[in-house]
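Residue-level listing of the chains:
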Amino acid sequence: MKTLAARLRFPQPSWRWAALPFLLVVWCLAASRVPSYVLPQPWDVAAEGLRWIRSGELGRQVMASLLREFGGFGAAVVAAALIGVSAGLWRPFREFAQPLLGLFMAIPPIAWAPLSLIFFGLGYLSIAVVIFIASAFPMALTIQEGVLSINSGEVRAARILGAKRLQLLAHVYLPASLPFLTAALRIGFAQAWRALVAAEMIGASQGIGWMVAMGGQLGNSAQVLLGIALIGLTAWLMESLVFRRIERHYEGWRGQ
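This section reports on the structure supplied with the text. (Residues numbered from 1 in each chain as written. Predicted model: local features only at pLDDT ≥ 70, side-chain atom pairs only at ≥ 80, totals over all residues. Heavy atoms only, no water.)

Before going further, it helps to spend a moment on the pattern of salt bridges. Two side chains that carry opposite charge are able to pair once their charged atoms sit near each other. On inspection of all chains with the given rule, the structure shows five salt bridges. In this structure, the salt-bridge partner of Arg60 is Glu57, at a minimum N-O distance of 2.7 Å. Taken as a pair, Arg60 and Glu57 lie in helix α4 (residues 57-89) at a separation of three residues, close to a single helical turn. Exposure remark for Arg60: the relative accessible area of 45% places this residue in the partly exposed category. Judged by relative accessible area, Glu57 falls into the partly exposed class, the value being 28%. (Salt bridge = Lys/Arg side-chain N within 4 Å of Asp/Glu carboxyl O. Helix = DSSP H or I, 4+ residues; strand = E, 2+ residues; numbered from the N terminus. Buried < 20%, exposed > 50% of the residue type's maximum accessible area, 1.4 Å probe, protein only.)

Considering the arrangement of structural elements, one finds Arg68 in helix α4. Classification of Arg68 as buried rests on a relative accessible area of 6%. Within the structure, the side chain of Arg68 is placed 2.7 Å from the side chain of Glu200, a separation counted as a polar contact. For Arg68, the residues in contact, after removing those within four places along its chain, are Tyr124, Ile127, Ile131, Leu196, Glu200, Ala204, Gln206 and Gly207. (Polar contact = N/O pair within 3.5 Å; in protein donor to acceptor, adjacent residues only side chain to side chain. Contact = heavy atoms within 4.5 Å.)

On inspection of all chains with the given rule, the structure shows nine aromatic pairs. Consider the rings of Phe93 and Phe96, whose centres lie 6.3 Å apart with planes at 40°: the pair is tilted. Note that Phe93 and Phe96 are positioned in helix α5 (residues 91-106) at a spacing of three residues, about one turn of the helix. Look at Phe96 and you get exposed, because its relative accessible area is 56%. Consider the rings of Phe104 and Trp112, whose centres lie 5.7 Å apart with planes at 20°: the pair is stacked. (Phe/Tyr/Trp six-rings, centres within 6.5 Å; stacked < 30°, edge-to-face > 60°.)

At a minimum axis separation of 5 Å, helix α3 (residues 42-55) and α4 run at an interaxial angle of 90°. The angle between the axes of α3 and α4 places the two elements in the roughly perpendicular class. Seen from α3, the contacting residues are Gly49, Trp52, Ile53 and Ser55; seen from α4, they are Glu57, Leu58, Arg60 and Gln61. Tallied by class, residues from the contact of α3 with α4 come to three nonpolar, three polar and two charged. (Axes fitted to C-alpha atoms, helices over the stretch in contact; angles between N-to-C directions. Parallel < 35°, antiparallel > 145°, perpendicular 65-115°, else oblique. Nonpolar A, V, L, I, M, F, W, Y, C, P; charged D, E, K, R; others polar.)

Below, the structure is given as structure tokens:
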């Protein structure tokens, strides 16, 4: 009887599907109480999006932002891995790097944007530098904590079996720290994406952040909301299609 009941048991419903409709209902209700130039309805924003798509400008703006994001973020991943692993394995370097990591993490990344613009001028490099600063140091700290959390008994056992330094890195430290590396990528991408949008609003001639800034200057609230929707949609797609899948893959590793 218990087996039959278990087979007939229905899965508990998930309320995730209701979040977006709820947000749209609240948006429509709020927009109905104010002028459309202040807060347009969702269909007005959709019409603005179609206008940008037909002109071919929307794809160019999104691509410009993504190229800056992955350029600065990719360089930050390499630097964070080198700093985090070195700090986790070598105590003198960790003591040296800890105050610097804390200092750079305490400064809002957007504070570096004016200085970066002065040094590198308007363009790709100045924004990529801001993205690098925003994401490299949180990722380095997360990777460092992952390396420090590795069971020392496993390292001793590998050394007893004759493992060299490179073999320890490849077969002990890397597999054991993969969940922390995934968490670092997730944190770093979120920080990099926020920094990108803020930097584009200050010093760019294209990109999603530029769309939002220009819409605000022109009083085009539909364009502003279109840019905000693109920012949220891109972040949600990366979270759902990339980082959650990777984290799910290594969930068992965390428990072990």
